[in-house]
Amino acid sequence: MVSGPARYLVFFQYFGSKYSGVMETSNEQSVVGVQNYLEKAAQKLKPIVPIKFHISSRTDAGVHALCNAAHLDIQRALGKPAFNEKQLIYGLNYHLKPEPIRILNAYRVTSSFHARFSALSRTYIYRLLVGCAHHSEIPVFERDLCWAPAGGSLNVPAMQDAAQFLLGTHDFSTFRSHNSETPFQSPVRTMLQIDIQPSSGFLSHHYEHRGLEFLELTFRSRSFLYRQVRRMVGTLVAVGQGKLMPHHVKELLEMKDARALPPNTMAPPSGLFLKSVEY
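Residues numbered from 1 in each chain as written. Predicted model: local features only at pLDDT ≥ 70, side-chain atom pairs only at ≥ 80, totals over all residues. Heavy atoms only, no water.

You'll find the protein chain entered in an unreviewed UniProt entry as tRNA pseudouridine synthase, with Eurystomus gularis given as the organism. Recorded in UniProt under Sequence similarities (unreviewed entry), the annotation for the protein chain is "Belongs to the tRNA pseudouridine synthase TruA family." (UniProt positions renumbered as here; feature names shortened; annotations may be inferred.)

Rendered as structure tokens:
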């Protein structure tokens, strides 16, 4: 006879550049998902049933997470008590040591809790570096952590005006890429927050003389479509560069057609961070 499994909600972060994304992939691939490493670490806790991480928010190859979330069930051998939260954090982090992945927090939750479906909202940030004439001017400490669009300064007030058209509930078909789930997924989403603010870079006070500036774009919604944030960022940057006017964003949204977005409008993955999942 064995006791039932204990369910936990864990919050974790990762530097996404070396992974194929957060979701599990075949171990035969040369680059695998963050989930592969999480589950490999969890198996070393010696559960009697293999542990599966049910991840809240999918992120693509090269995208980072300041804080993602997942739930998992752990069934231990008869007579062994359930892990307390601290034991679970320390145990997983010990076995994750070689990887840029860290467990931040763990909470015991009820068996009905689901990391993906119980989430109230998700917040992403996108980091832009402005003032680089050439990609070689990106500070080495910021490599893979921001996007430096070509062409100098950006018209931030115009970007802020354009962002207003994306707030609220809309059919975001224009701003989604196609993947295997797209045909079955409603394109309607509600954008709760879009902010564009100056930000600081890592060690940026040491190279202020170079005239580099950072911007942080914040997006909050209950859920997002595939690559929606990167396509919205690319469009807002095009507005900041004067390639589009703010009202063009409203027109693109109303077209409800992914092909309507100008070519090369999607921002690269390197500047995107999942900031938080709210419950």
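Picking up where we left off.
1. A look at the overall build of the protein chain
Counting its secondary structure elements, the protein chain contains five helices and nine strands. From first element to last, N terminus to C terminus, the protein chain shows the α and β order β-α-β-β-α-β-β-α-β-β-β-α-α-β. Radius of gyration (C-alpha) of the protein chain: 21 Å, near the 19 Å computed for a compact globule of 279 residues. Seen through its principal axes, the protein chain has C-alpha atoms that stretch 70 × 45 × 35 Å. A burial count over the protein chain gives 49% of its 279 residues as buried. (Helix = DSSP H or I, 4+ residues; strand = E, 2+ residues; numbered from the N terminus. Rg over C-alpha atoms; globule rule 2.2 N^0.38 Å. Buried < 20%, exposed > 50% of the residue type's maximum accessible area, 1.4 Å probe, protein only.)

2. Quick notes on the pattern of salt bridges
Inspection of the entire model under this criterion finds eight salt bridges. Note that R230 is salt-bridged to D60, the shortest N-O span being 3.6 Å. Residue R230 is found in helix α4 (residues 228-240), and its partner D60 is found in the loop between β2 (54-55) and β3 (64-74); the two are separated by 170 residues along the sequence. Grouping residues by exposure puts R230 and D60 together as buried. Each of D60, R227 and R230 takes part in salt bridges that share partners, so that together they form one network. (Salt bridge = Lys/Arg side-chain N within 4 Å of Asp/Glu carboxyl O.)

3. Remarks on the packing of helix α3 (residues 156-164) against α4
Where α3 contacts α4, the two axes come as close as 8 Å, and the packing angle between them is 135°. Judged by the angle between their axes, α3 and α4 are oblique. With respect to the hand of their crossing, α3 and α4 are arranged in right-handed fashion. When α3 is examined against α4, the residues A158, M159, A162 and A163 are found in contact with a partner set consisting of L236, V237, V239 and G240. Of the residues contributing to the contact of α3 with α4, the split by class is seven nonpolar, one polar and no charged. (Axes fitted to C-alpha atoms, helices over the stretch in contact; angles between N-to-C directions. Parallel < 35°, antiparallel > 145°, perpendicular 65-115°, else oblique. Left-handed = near helix turned anticlockwise from the far one by under 90°. Contact = heavy atoms within 4.5 Å. Nonpolar A, V, L, I, M, F, W, Y, C, P; charged D, E, K, R; others polar.)

4. Describing the packing of aromatic side chains
For any two aromatic rings, the description comes down to two numbers: the centre-to-centre distance and the angle of the planes. Under the criterion given, the structure shown has nine aromatic pairs. Relative to Y279, the ring of F113 lies with its centre 5.3 Å away and its plane at 55°, an arrangement referred to as tilted. Taken together, the residues F113 in the loop between β4 (101-109) and β5 (121-130) and Y279 in the segment after β9 (272-278) connect sequence positions 166 residues apart. F113 gets classed as buried once you look at its relative accessible area, which sits at 15%. An aromatic cluster is present here, built from F11, Y107, F113 and Y279 joined pairwise through their rings. Directly above the ring of F83 sits R76, whose terminal nitrogen or CZ lies 3.9 Å from the centroid. Lying across the ring of Y8, R108 places its NZ or CZ 5.9 Å from the centre. (Phe/Tyr/Trp six-rings, centres within 6.5 Å; stacked < 30°, edge-to-face > 60°. Lys NZ or Arg CZ within 6 Å of the ring centre and 35° of its normal.)

5. Thoughts on the domain arrangement of the protein chain
According to the domain assignment, the protein chain consists of domain 1 (6-108) and domain 2 (121-278). Centre-to-centre separation of domain 1 and domain 2, based on C-alpha positions: 28 Å. The partner domain 2 presents 17 residues to the 17 residues of domain 1 that form the contact. For the pair domain 1 and domain 2, the two sides together bury roughly 1300 Å², of which 55% comes from carbon and sulfur. Across the contact surface, domain 1 and domain 2 share two salt bridges. As a salt-bridge pair, R227 and D60 come within 3.0 Å of each other at their nearest N and O atoms. In this assembly, domain 1 and domain 2 are joined by nine residue pairs in polar contact (both at pLDDT 80 or more). The element best represented in the side of domain 1 that touches domain 2 is β3, accounting for six residues. (Domains from an automatic or database assignment. Buried area = accessible area lost by both parts, 1.4 Å probe. Polar contact = N/O pair within 3.5 Å; in protein donor to acceptor, adjacent residues only side chain to side chain.)

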